[in-house]
Amino acid sequence: MSVLKIADFTNAPFGLLVARSPHYCLNRGAEQEQRGIVVERTFFQDAKGQAICWPRIHWEGSVSDALCHPINAVAFRPEQVLPEIEMAE
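For the structure given in this document, a descriptive report is provided here. Because the structure is predicted, anything quoted here is derived from the model rather than measured. (Residues numbered from 1 in each chain as written. Predicted model: local features only at pLDDT ≥ 70, side-chain atom pairs only at ≥ 80, totals over all residues. Heavy atoms only, no water.)

**Side note on the layout of surface pockets**
No. 1: Roughly 200 Å³ of internal volume is contained in the largest pocket.
No. 2: Surrounding the largest pocket, 14 residues form its lining, Ile6, Ala7, Ala73, Val74 and Glu84 being those nearest its centre.
No. 3: Going through the elements one at a time, strand 1 (3–7) and strand 6 (73–75) are the ones with two or more residues in the lining of the largest pocket.
No. 4: Within the lining of the largest pocket, the residues separate by chemical class into 10 nonpolar, one polar and three charged. (1 Å grid on protein atoms, 1.4 Å probe; cavity = no way out; pocket = protein on both sides within 12 Å on 5 of 7 lines; lining within 4 Å. Points joined across faces, edges and corners; volume = space filled by probe spheres on them. Helix = DSSP H or I, 4+ residues; strand = E, 2+ residues; numbered from the N terminus. Nonpolar A, V, L, I, M, F, W, Y, C, P; charged D, E, K, R; others polar.)

**A few points about the sheet that holds strand 6**
No. 1: Strand order in the open sheet formed by five strands is 5-4-3-2-6, and the pairing between neighbours is antiparallel. Only two strands of the sheet have a single neighbouring strand rather than two, namely strand 5 (66–67) and strand 6.
No. 2: Looking at chain direction, strand 2 (residues 17–20) and strand 6 are connected through three bridges and run antiparallel. Its bridge partner being in strand 6, alanine 19 is matched across the sheet by valine 74. (Pairing = 2+ DSSP bridges.)

Dropping the structure here:
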């Protein structure tokens, strides 16, 4: 079982401005400058049974929002840094 450090979106406000994470950009070859807003939250359990919040994000240039793994998004503004938690896979 592996453990990931991810942003905790549990208390992130709707409308929070986010960007693609460095992890996403490194693995997908994408530009981090793509931004989006959090429009909803969904909760799933990780391998240890801990509740993990997955944000639904409306990315700029997209027609609709999409469920996003929490490792693939970070708060865009430095003053809105989200706390980190561990997620078991």
